[in-house]
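Below are the chains, spelled out letter by letter.
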Amino acid sequence: AGLPAEILKTIEKINQNWPLEVRYEASGDQNIMSYVSYLLIPRIPSRKSDFKIVVKDNEVQYEGPKSTRGLIYRFQNTPSFRGLLLSVFFVTGVAIFVRRSLQTAVLSWPESIGLSLLLLMVLALLSIIFLKSANTGFCIVSCAGFVGWGYAVLSYIKRRDNTTIGIFGKSGFQLLCSSFHNLNLKRVFCF
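Below or above, wherever it landed, is the structure these notes cover. (Residues numbered from 1 in each chain as written. Predicted model: local features only at pLDDT ≥ 70, side-chain atom pairs only at ≥ 80, totals over all residues. Heavy atoms only, no water.)

1. Observations concerning the nonpolar core
How we decide: Here, nonpolar core refers to any group of buried Ala, Val, Leu, Ile, Met, Phe, Trp, Tyr and Cys residues whose side-chain atoms link them within 4.5 Å. Exposure categories follow from relative accessible area, calculated using a 1.4 Å probe and restricted to protein chains: below 20% of the type maximum is buried, above 50% is exposed, and the middle band is partly exposed. What counts as a helix is a DSSP run of H or I of at least four residues, what counts as a strand is a run of E of at least two, and both are numbered from the N terminus. Should any heavy atoms of two residues lie within 4.5 Å, those residues are considered in contact.
In this structure, Ile7, Trp18, Val36, Leu40, Ile53 and Val60 are the most contacted members of the largest nonpolar core, which totals 15 residues. Of all the secondary structure elements, the ones that give two or more residues to this core are helix H1 (5-17), helix H2 (30-39) and strand S3 (51-56). Ignoring any residue separated from it by four or fewer positions in sequence, one finds Ile7 in contact with Ile32, Val36, Asn58, Glu59 and Val60. If you look at the next biggest cluster of nonpolar residues, it comprises 5 residues, including Val94, Val98, Leu107 and Ala144.

In structure tokens:
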């Protein structure tokens, strides 16, 4: 069920020029329009809109307001390796956060990562339903990922301090506390 190349080029132009969260009025051949609507996701067909798409004679015609220049958010056509690394970083951070938060449940790494992906999906869907954008859900997951990595770094430092002797080890920390004791700052810095 392929579409003609001209229609695909027109859909690519629409993707580049229309805002992502627009509602558009669709009319014409419903067989082709179903494919066009699928390729224009997350844009949603609507009954009344300033954005219009008409499909007739294997051709797609579209129109929209010219004043949307500042509101246009384009898809990134070429995924980057940096985006993949950030996704892995945040999902792993959420897995660390989940493992740290659910200490009573013994979760393996695959279970924790699966649970973090489920959490990502649920937060994105709830964000779309209530706020009409997935960005809030993604920001919450990103913050949880940062917190998870913060937990990991702090637990590594704590473990290292318990096994190391020297200025950064346990004896160095006690030396620092005793010097603050002379300044009456022990209650602030040392517990």
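Now, onward.
2. Here's the deal with the packing of H1 against H2
Rules: In this analysis, axes come from line fits to C-alpha atoms, helices being fitted only over the stretch in contact, and the angle between any two N-to-C directions falls in the range 0 to 180 degrees. Two helices that cross are described as forming a left-handed crossing if the nearer one is turned anticlockwise from the farther one by less than a right angle, and a right-handed crossing if clockwise. Gly counts as polar in this scheme, as do all residues outside two lists: the nonpolar Ala, Val, Leu, Ile, Met, Phe, Trp, Tyr, Cys and Pro, and the charged Asp, Glu, Lys and Arg.
For the pair H1 and H2, interaxial distance at closest approach is 10 Å and the crossing angle is 35°. You can see that H1 and H2 cross each other, and the crossing is right-handed. Contacts from Ile7, Leu8, Ile11 and Asn15 of H1 reach H2 at Ile32, Val36 and Leu39. Along the lines of polarity and charge, the residues of the contact of H1 with H2 split into 6 nonpolar, 1 polar and no charged.

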